[in-house]
Amino acid sequence: MRDAITTLIRNYDITGRYLDRDALDSLKSYFNTGTARVAAAGIINANAASIVKQAGSQLFDEIPELIRPGGNAYTTRRYAACLRDMDYYLRYASYALVAGNNDLLDERVLQGLRETYNSLGVPIGPTVIGIQIMKNIVKEQVAAAGIEDTSFIDQPFDYMTRELSEKDI
Ligand SMILES: CCC1=C(C)/C(=C/C2=NC(=C\c3[nH]c(/C=C4\NC(=O)[C@H](C)[C@H]4CC)c(C)c3CCC(=O)O)/C(CCC(=O)O)=C2C)NC1=O
């Protein structure tokens, strides 16, 4: 798995540059948040099932049409597929948090996903809301564990949201 530092160095090496101010700032922030990243992944790992369950309930409370006849998460099979997808997003977000970059989200999660969703009628908007709900739950739990700056948690969740929302097929 390529981590943030390897990626950064590779990018500088490609263009034959010394590590400049921007690079050093981002390295510094990586080292500052390194322990927090590992702690966050630990919190996600310990609470994954309940995070997914809670996020699912909140999503279906907000958009009850999803689980009514005609909704994409209606029927036990599709309901389970929806929660399974949420679990994928959470697990891969935890990997990306530790890696400090989103490359593996492109490779393992997002590639071809919009096309699959569109062909199955899985609505993107509500999926994105589900991802954002999980982000907020994780941030609350990480904050409750005493980590003050939880802004780094945003990165993988917002990245998946952006990529799912913006790209046209
Ligand atoms: C690890 C990377 C990875 C991802 C991300 C992934 C997603 C994924 N979700 C799918 C289906 C699905 N995804 C959903 C999800 C939802 N429906 C809703 O209304 C909600 C908004 C949402 C939950 C938040 C549903 C209901 C299906 C089943 C659709 C169907 O078969 O009709 C499918 C089609 C095949 C299948 O059913 O397993 C894929 C490939 N698979 C992967 O391997």
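In case you missed it, the structure is sitting above this.
This report concerns the structure included in the present document.

Rules of the game
- Residues numbered from 1 in each chain as written.
- Predicted model: local features only at pLDDT ≥ 70, side-chain atom pairs only at ≥ 80, totals over all residues.
- Heavy atoms only, no water.
- Axes fitted to C-alpha atoms, helices over the stretch in contact; angles between N-to-C directions.
- Helix = DSSP H or I, 4+ residues; strand = E, 2+ residues; numbered from the N terminus.
- Parallel < 35°, antiparallel > 145°, perpendicular 65-115°, else oblique.
- Left-handed = near helix turned anticlockwise from the far one by under 90°.
- Contact = heavy atoms within 4.5 Å.
- Nonpolar A, V, L, I, M, F, W, Y, C, P; charged D, E, K, R; others polar.
- Phe/Tyr/Trp six-rings, centres within 6.5 Å; stacked < 30°, edge-to-face > 60°.
- Buried < 20%, exposed > 50% of the residue type's maximum accessible area, 1.4 Å probe, protein only.
- Lys NZ or Arg CZ within 6 Å of the ring centre and 35° of its normal.
- Core = buried A, V, L, I, M, F, W, Y, C linked by side-chain atoms within 4.5 Å.
- 1 Å grid on protein atoms, 1.4 Å probe; cavity = no way out; pocket = protein on both sides within 12 Å on 5 of 7 lines; lining within 4 Å.
- Points joined across faces, edges and corners; volume = space filled by probe spheres on them.

### Topic: the packing of helix α3 (residues 76-99) against helix α4 (residues 103-110)
The description of two packed helices rests on the angle between their axes and on the distance between the axes.
Right, on to step 1. Between α3 and α4, the shortest axis-to-axis distance is 9 Å and the interhelical angle comes to 155°. Judged by the angle between their axes, α3 and α4 are roughly antiparallel. In this structure, the crossing between α3 and α4 has a hand that is right-handed. Along its contact with α3, which presents Tyr 89, Tyr 92, Ala 93, Tyr 95 and Ala 96, the element α4 presents Leu 104, Leu 105, Arg 108 and Val 109.
Right, on to step 2. Broken down by class, the residue content of the contact of α3 with α4 amounts to 8 nonpolar, no polar and 1 charged.

### Thoughts on the packing of aromatic side chains
Right, on to step 1. With the rule as written, the count across this model stands at 3 aromatic pairs.
Right, on to step 2. Ring centres of Tyr 30 and Phe 31 lie 6.3 Å apart, and the angle between their planes is 65°; on these two criteria the pair is classed as edge-to-face.
Right, on to step 3. The class for Phe 31 is exposed, based on a relative accessible area of 59%.
Right, on to step 4. Directly above the ring of Tyr 12 sits Arg 17, whose terminal nitrogen or CZ lies 4.1 Å from the centroid.

### With respect to the nonpolar core
Right, on to step 1. Ranked by internal contacts, the top residues of the largest apolar core, which has 42 residues, are Tyr 89, Leu 90, Leu 105, Met 134, Phe 157 and Met 160.
Right, on to step 2. Where this core is concerned, the elements lending two or more residues are α2 (21-62), α3, α4, α5 (113-120), α6 (124-144) and α7 (154-166).
Right, on to step 3. A total of 10 residues in this core trace back to one element, the largest contributor, which is α2.
Right, on to step 4. Apart from the residues within four sequence positions on either side, Leu 105 is in contact with Tyr 92, Ala 93, Ala 96, Leu 110, Pro 156, Tyr 159 and Met 160.

### Thoughts on the layout of surface pockets
Right, on to step 1. Volume-wise, the largest pocket comes out at about 540 Å³.
Right, on to step 2. Lining the largest pocket are 25 residues, with Ala 81, Arg 84, Asp 85, Tyr 117 and Val 122 positioned closest to its centre.
Right, on to step 3. Breaking the lining of the largest pocket down by element, the ones donating at least two residues are α2, α3, α4, α5 and α6.
Right, on to step 4. No other element matches α3, which puts 10 residues into the lining of the largest pocket.
Right, on to step 5. A breakdown of the residues in the lining of the largest pocket according to their chemical character gives 17 nonpolar, 3 polar and 5 charged.
Right, on to step 6. By volume, the second largest pocket is sized at about 260 Å³.
Right, on to step 7. If you trace the second largest pocket, you find 15 residues lining it, with Ala 4, Ser 26, Ser 29, Tyr 30 and Gly 100 closest to the centre.
Right, on to step 8. For the lining of the second largest pocket, the secondary-structure elements that each account for two or more residues are α1 (4-14) and α2.
Right, on to step 9. Of the residues assigned to the lining of the second largest pocket, the class counts are 6 nonpolar, 8 polar and 1 charged.

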